[in-house]
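Working through the structure, step by step
Spelled out from the first residue to the last, the chains are:
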Amino acid sequence: MKFLSPDKYQQHCHERFDYYLFQVRRLLPTASVEHVGSSSVPGVISKGDLDILIGVEAHELEASVRILLTLGFQEKQKTLRTRELFMLESTSEDVAFQVVAIGSEFECFLGFRDRLRASPDLVIQYNELKKSCEGLSHDEYREKKSTFIEHVLTQALII
């Protein structure tokens, strides 16, 4: 893993988010569209990718995914897929959609983002974790990151 400082990627990700926000709302006007992931939190280092959460009613998830595929996305392989979560990735740039059922546990992407935005200390901890993962495989990085995210979300429930 190699990480970029926020000044090297966040502006570009914000611009791409604005582009996709328009595109998704044009196709799915009732969907909730949220910028999530590292690029949505000031000061977080990142691989430079963009993650977008698209919330839809559970009964609309499959149809919404089919519509979103027309934006040049494909099903993301080797990732969790349920009746409430469907991951898509762009075929041309480092952008991912997390299509989630509104009210499902997968809205945790929002909770994690909001906890980081509210806590400079958590941003520092998250950046340190990421720096410690440089040179690890993607799977090893994902495992360490997942543990951190679970810890942050669990602490939010305790408070």
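Now for a look at the structure at hand.

Calculation rules
- Residues numbered from 1 in each chain as written.
- Predicted model: local features only at pLDDT ≥ 70, side-chain atom pairs only at ≥ 80, totals over all residues.
- Heavy atoms only, no water.
- Helix = DSSP H or I, 4+ residues; strand = E, 2+ residues; numbered from the N terminus.
- Polar contact = N/O pair within 3.5 Å; in protein donor to acceptor, adjacent residues only side chain to side chain.
- Contact = heavy atoms within 4.5 Å.
- Salt bridge = Lys/Arg side-chain N within 4 Å of Asp/Glu carboxyl O.
- Buried < 20%, exposed > 50% of the residue type's maximum accessible area, 1.4 Å probe, protein only.

1. Quick notes on the side chain of D49
Here D49 lies in the loop between β1 (32–36) and β2 (50–56). Among the polar contacts listed, one links the side chain of D49 to the side chain of S46, at a separation of 3.3 Å. When neighbours within four sequence positions are excluded, D49 is seen to be in contact with C13, S39 and D94.

2. Some details on the pattern of salt bridges
Enumeration over the complete set of coordinates arrives at seven salt bridges. For the salt bridge of R16 with E93, the shortest nitrogen-to-oxygen distance reads 3.0 Å. Here the residue R16 occupies a position in helix α1 (residues 6–27), and E93 occupies one in the loop between β4 (85–90) and β5 (95–101), the gap between them amounting to 77 residues. Note on R16: relative accessible area 22%, which makes it partly exposed.

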